[in-house]
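Per-entry structural report
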Amino acid sequence: MEAGGKRRRTGEVIANGLNNNNNNNINNIDLSLLEALEKSQSTVEVLDLRALKKLVLSFERRLKENIEARLKYPDQPDRFADTEVDLHDELEKLKVLAGGPELYPDLVNLNVIPSILGLLSHDNTDIAIDVVHLLQDLTDEDVLEDNDEPARVLVDCLIENNVLELLVQNLQRLSDSDPDDMAAVYNTLATIENLIEVKPSVAELVCERTKLLRWLLGKIKVREFDSTKQYASEILAILLQNSTANQKRVGQMNGVDVLLQAVAMYKSKDPKSSDEEEMLENLFDSLCCLLMPLENKERFVKAEGVELMIIIMKQKKLAYGSAIRALDFAMTKYPPACERFVDVLGLKTAFAAFMGKIPLSKKNKKERYQEELEERLVSLIASLFGGILRGSRRERLLNKFLENECEKIDRLMELYMRYSDRVAAETERMNELELDDLEMDEEERYNRRLESGLYTLQLIAIILGHLWCSDYPQMRARIELLLKQQKLTKKDVKDILQVHAF
């Protein structure tokens, strides 16, 4: 776009005028131009309905002039270039509306949204980019904060006028090498994220109506790390986190394989920057979301995802904890993944971690990181017991608890006591609150106990139950001894199982 042309000419006029005046007698200087500039800079127009109408009218006038010039001189760009500079300027002026989100319903009523969105298909990509920037400004999270109703009105109008389809269509023609285009890619994704924030159903709408998922997967396939790949991974995670429909869609688009290939790059190396770390976390978040539908668990096993996660664990790099999380999702209520895990010798790696041999780096030394991994490993072992009920695999699993004088049962009881104490402390806290007349219903009490560790405690109780019911008297004797040492009985463990709600 030749937007700079008109601005440069204007600058030259000012400069030439000043130079000419300097050549004249100083008393004869014409200050009218400077006064006009000074006046325009000092005037601050109040943003109200009247100002909004004025902005809209001016924009529509410039839009009409551009359309007419392009129709009249389709093959002579120099004849319509100035009208596009003017249109660019009008779109820039509209950004001021982000300062008055309470006027959004009026903006919608003036019926200008269709005209603005239509420019996303403008032949001049620079004009489309201007619109993308405008939309990002208008829907910015900070702008819409505490303006729920105006935000909803604007977003509903944008959706009704095909903003999702137009934004994604425009994405296809933006370059990965041009800085302005790359900024527009970022603003496009930011706008979609903003729309989802206001209207969560947009997460499924944008995947139903556009090719955004395919575009995102294409960016994630790129081997080199860049900011576009990072943001694409973040948006994919957002689209997948609460939508079974989107999880299934991505599964059908070979998404499980794409994500496995993307994380495989980090099996023996760590990300080089905090941004790259964030991208890797986003990729694993997306993978874990994908592993919720049964058919994607099957795809994961077929694509040798179980083997890859075990390799990542063995390499002990930054992705170690994420690999455990992915395995936990894959194996939950899916016996084939549990069987594959045992077949490819995953037990040795998992139980080493269960016994506390977790690789630590400066970035994951925090106590909470280790606790999260402990909870994941407990869940993974519970899944193994639930998914492998008989045969040689079951024997191999049980034998792990006999090794080294039942040290893993000792570890299990250590965790049982820790989480039991936490849940008891939280229950006591809630009872004290109720004494202070802060009543809680049964569901809220249960949820607070779950958050304090009840869920993990229940899983530990399930594992103890499986060990107790095995044909190994040695295990039963060990459990009885440890319970007695803690002044507990089988009934205490049973009581935990009674509140187990699956």
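Please refer to the structure higher up on the page.
Residues numbered from 1 in each chain as written. Predicted model: local features only at pLDDT ≥ 70, side-chain atom pairs only at ≥ 80, totals over all residues. Heavy atoms only, no water.

1. What to know about the layout of surface pockets
Considering only enclosed or pocket space, the largest pocket measures out at about 960 Å³ in volume. Around the largest pocket sit 33 residues that line it, and Gly321, Arg325, Glu372, Leu373 and Arg376 are the ones nearest its centre. Looking at the lining of the largest pocket, the elements with two or more residues in it are helix 17 (274–290), helix 20 (320–331), helix 23 (367–387) and helix 26 (442–468). The biggest single contributor to the lining of the largest pocket is helix 23, with 7 residues. Within the lining of the largest pocket, the residues separate by chemical class into 10 nonpolar, 8 polar and 15 charged. (1 Å grid on protein atoms, 1.4 Å probe; cavity = no way out; pocket = protein on both sides within 12 Å on 5 of 7 lines; lining within 4 Å. Points joined across faces, edges and corners; volume = space filled by probe spheres on them. Helix = DSSP H or I, 4+ residues; strand = E, 2+ residues; numbered from the N terminus. Nonpolar A, V, L, I, M, F, W, Y, C, P; charged D, E, K, R; others polar.)

2. Concerning the side chain of serine 383
If you trace the backbone, serine 383 turns up in helix 23. Look at serine 383 and you get buried, because its relative accessible area is 13%. In this structure serine 383 touches Met331, Thr332 and Cys338, once residues within four positions along its chain are discounted. (Buried < 20%, exposed > 50% of the residue type's maximum accessible area, 1.4 Å probe, protein only. Contact = heavy atoms within 4.5 Å.)

3. Quick notes on helix 17
Relative to the 24 Å expected for 17 residues at 1.5 Å per residue, helix 17 spans 24 Å between its end C-alpha atoms, a close match to the ideal helical length. Of the positions making up helix 17, those classed as buried are Glu276, Met279, Leu280, Asn282, Leu283, Phe284, Ser286, Leu287, Cys288, Cys289 and Leu290. (Expected span 1.5 Å × (residues − 1).)

4. Some words on the environment of asparagine 404
Structurally, the position occupied by asparagine 404 is in helix 25 (residues 403–435). Judged by relative accessible area, asparagine 404 falls into the exposed class, the value being 55%. Among the polar contacts listed, one links the side chain of asparagine 404 to the side chain of glutamate 407, at a separation of 3.0 Å. (Polar contact = N/O pair within 3.5 Å; in protein donor to acceptor, adjacent residues only side chain to side chain.)

5. Examining the pattern of salt bridges
For the coordinates displayed, the defined rule picks out 33 salt bridges. Residue aspartate 123 pairs with arginine 70 through a salt bridge whose shortest N-O separation is 3.7 Å. Placement of the pair is aspartate 123 in the loop between helix 6 (113–118) and helix 7 (125–138) and arginine 70 in helix 3 (residues 49–72), with a sequence separation of 53 residues. When the shortest N-O distance is used, the salt bridge between arginine 429 and glutamate 426 registers 2.7 Å. In this pair, arginine 429 and glutamate 426 are both assigned in helix 25, 3 residues apart and thus about one turn of the helix distant. On the basis of relative accessible area, arginine 429 is assigned to the partly exposed category, the value being 44%. Look at glutamate 426 and you get buried, because its relative accessible area is 8%. Connected through shared salt-bridge partners, Arg368, Glu371, Glu372, Glu375 and Arg422 make up one network. (Salt bridge = Lys/Arg side-chain N within 4 Å of Asp/Glu carboxyl O.)

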